[in-house]
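Structure assessment
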Protein chains: 2
Amino acid sequence: MTTARAPQREHIDAESKVDESPQHHRVELRLWLRLLTCATLIEAEIRKRLRENFNTTLPRFDLMAQLERAPDGVLLGELSRRMMVSNGNVTGLVERLVQEGLIERQVSERDRRAAIVRLTEHGRSVFARMASAHSDWVAELLAELPAQEQKALWSQLGDLKHSVHTAIARGQRTAEPGQDR
Amino acid sequence: MTTARAPQREHIDAESKVDESPQHHRVELRLWLRLLTCATLIEAEIRKRLRENFNTTLPRFDLMAQLERAPDGVLLGELSRRMMVSNGNVTGLVERLVQEGLIERQVSERDRRAAIVRLTEHGRSVFARMASAHSDWVAELLAELPAQEQKALWSQLGDLKHSVHTAIARGQRTAEPGQDR
DNA sequence: ACAAGATAGTTTAAGGTTAAAAGAAATTAC
DNA sequence: GTAATTTCTTTTAACCTTAAACTATCTTGT
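Here goes a summary of the coordinates provided. Just so you know, these numbers come straight off a predicted model, no measurement behind them.

When its secondary structure is counted, chain A shows 6 helices and 3 strands. Counting across all 181 residues of chain A, residues that qualify as buried make up 43%. Across chain A, contacts joining residues at least 24 apart in sequence account for 49% of those joining residues at least 6 apart. In the structure as shown, chain A presents an accessible area of about 10,400 Å², 48% of it carried by carbon and sulfur atoms.

All names here are of chain A. Between helix α3 (residues 76–83) and helix α4 (residues 87–99), whose axes approach to 9 Å, the crossing angle comes to 110°. Between α3 and α4, the crossing angle belongs to the class labelled roughly perpendicular. Within the contact between the two elements, α3 uses Leu-76, Gly-77, Leu-79, Ser-80 and Met-83 and α4 uses Asn-87, Val-90, Leu-93 and Val-94. Of the residues contributing to the contact of α3 with α4, the split by class is 6 nonpolar, 3 polar and no charged.

So, on to the sheet that holds strand β1 (residues 74–75) of chain B. Residue and element names in this part refer to chain B. Sheet architecture is open: 3 strands sit in the order β1-β3-β2, paired in antiparallel fashion. Bordering the open sheet on either side are β1 and β2 (103–107), each of which pairs with just one other strand. By the bridge criterion, 5 bridges tie β2 to strand β3 (residues 115–119) in an arrangement that is antiparallel. By the bridge assignment, Arg-105 is partnered in β3 with Val-117.

This part takes up the packing of aromatic side chains. Each aromatic ring pair is characterised by the separation of its centres together with the angle its planes make. Overall, the coordinates contain 4 aromatic pairs over all chains when judged by the stated rule. Plain terms: the ring middles of A:Phe54 and A:Trp137 are 6.2 Å apart, the flat faces sit at 50° to each other, and that makes the pair tilted. Highlighted residues: A:Phe54 in helix α1 (residues 27–54) and A:Trp137 in helix α5 (residues 121–141), separated in sequence by 83 residues. One Lys or Arg, A:Arg30, reaches over the ring of B:Trp154 and ends 5.3 Å from the middle of that ring. Over the ring of B:Trp154 we find A:Arg34, and its NZ or CZ is 3.8 Å from the ring centre.

Moving on: α4(A). End to end, α4(A) covers 19 Å across 13 residues, agreeing with the expected 18 Å (1.5 Å per residue, within 8%). Every buried residue of α4(A) is listed here: A:Val90, A:Gly92, A:Leu93, A:Val94 and A:Leu97.

All names here are of chain A. Strand order in the open sheet formed by 3 strands is β1-β3-β2, with antiparallel pairing between adjacent strands. With partners counted over all chains shown, the strands left at the sheet margins are β1 (74–75) and β2 (103–107), one partner each. Two strands pair when backbone bridges link them, and β1 and strand β3 (residues 115–119) are joined in this way by 2 bridges, in the antiparallel orientation. Bridge pairing in β3 places Leu-75 opposite Ile-116.

The interhelical angle for the contact between α1(A) and helix α1 (residues 27–54) of chain B, taken along N-to-C directions, is 115°, at an axis separation of 10 Å. Pair α1(A) / α1(B) crosses with left-handed handedness. Here A:Trp32, A:Leu35, A:Leu36, A:Cys38, A:Ala39, A:Ile42, A:Glu43 and A:Ile46 of α1(A) lie close against α1(B), whose contacting residues are B:Trp32, B:Leu35, B:Leu36, B:Cys38, B:Ala39, B:Ile42, B:Glu43 and B:Ile46. Here the contact of α1(A) with α1(B) is built from residues that sort into 14 nonpolar, no polar and 2 charged.

The rules behind the values
- Residues numbered from 1 in each chain as written.
- Chains lettered and ligands numbered in written order.
- Predicted model: local features only at pLDDT ≥ 70, side-chain atom pairs only at ≥ 80, totals over all residues.
- Heavy atoms only, no water.
- Helix = DSSP H or I, 4+ residues; strand = E, 2+ residues; numbered from the N terminus.
- Buried < 20%, exposed > 50% of the residue type's maximum accessible area, 1.4 Å probe, protein only.
- Contact = heavy atoms within 4.5 Å.
- Areas by Shrake-Rupley, 256 points an atom, 1.4 Å probe, with all protein chains shown as cover.
- Axes fitted to C-alpha atoms, helices over the stretch in contact; angles between N-to-C directions.
- Parallel < 35°, antiparallel > 145°, perpendicular 65-115°, else oblique.
- Nonpolar A, V, L, I, M, F, W, Y, C, P; charged D, E, K, R; others polar.
- Pairing = 2+ DSSP bridges.
- Phe/Tyr/Trp six-rings, centres within 6.5 Å; stacked < 30°, edge-to-face > 60°.
- Lys NZ or Arg CZ within 6 Å of the ring centre and 35° of its normal.
- Expected span 1.5 Å × (residues − 1).
- Left-handed = near helix turned anticlockwise from the far one by under 90°.

Now the structure itself:
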């Protein structure tokens, strides 16, 4: 009979990192890989802390964040668009959050296909605590970056976002002719 | 009887975007949200193209990319560390890629617990085509960003990465005393 | 040698995610 | 007014992902 083992450390080490930039890769590719590494690193840490501190997940937190600034509630479709995830995904997330008593769901009266969700009183209070901690965590993770550089980075990422949007829009225009809107 | 419907557009619109920067948020938080938006946007587009053009997924592509530069193969654990995902995750991905004949799996002779995976000849050839397209796609998405700005961004993301690593390491140091290595 | 512990990988349970198909209600075209 | 179409949501099947528990093997201390 074996004695109790230390729980296996599935969690990724800060050390282990993708090889971001083999010599022969284009600048664009290296930039994308580094951007992805940064996002993955931060996201993993935030997921971990949300679980450890609030026993919740990032998608649930994101959904609640969307509801927080809409006291009158949001339609599921609008939620799905804002969160950039599929409709079916939202269906499941809402289900679980309702189960936990953090949000409430109500069929629209004007359109009986549609459903509106909003935070409950409890949900609002819980979210306030989570959001505060979340903001602190992000500030902590970026702490070594001077404010000046943070602003510059934010601005440049705006340009990057614009480039991506442009490229995607161009692709859709050529792929779906006559579908203009 | 209804006629055939156009396939539902589950895919997110380029338009629909998270509200990145409510006025009252800290700079750090706004930076993080914008970084996440960029990463999500690019990643979604690449996933979509991998599926449409090669009928594969990003995790599978990533795994093959790790093997590409290791002709002698890689241990599963090493793979898991490099990809920044859990061991169990790699187990499943390897299973499916072996099934597709793109990689091969072999028990290590020196350590019968360990397993080595490497690309098959077929896998290597398929990956070459995928990697080429992938590189083009990324270049296309970032095309509007001047080379100069790409380099600046890459460099600043290096600082960001460093900040995150530092913060995480500091947290682990205080959380797990005596666990130095 | 052998008990104790460490290490490599798999399994399991739970949840997140998507595309596609389908259901239900509203809108539009005639 | 009603058939056709669009819109809002759910369901389904498949995959990705993780933490924790578990199996099998190797290593170490004595």
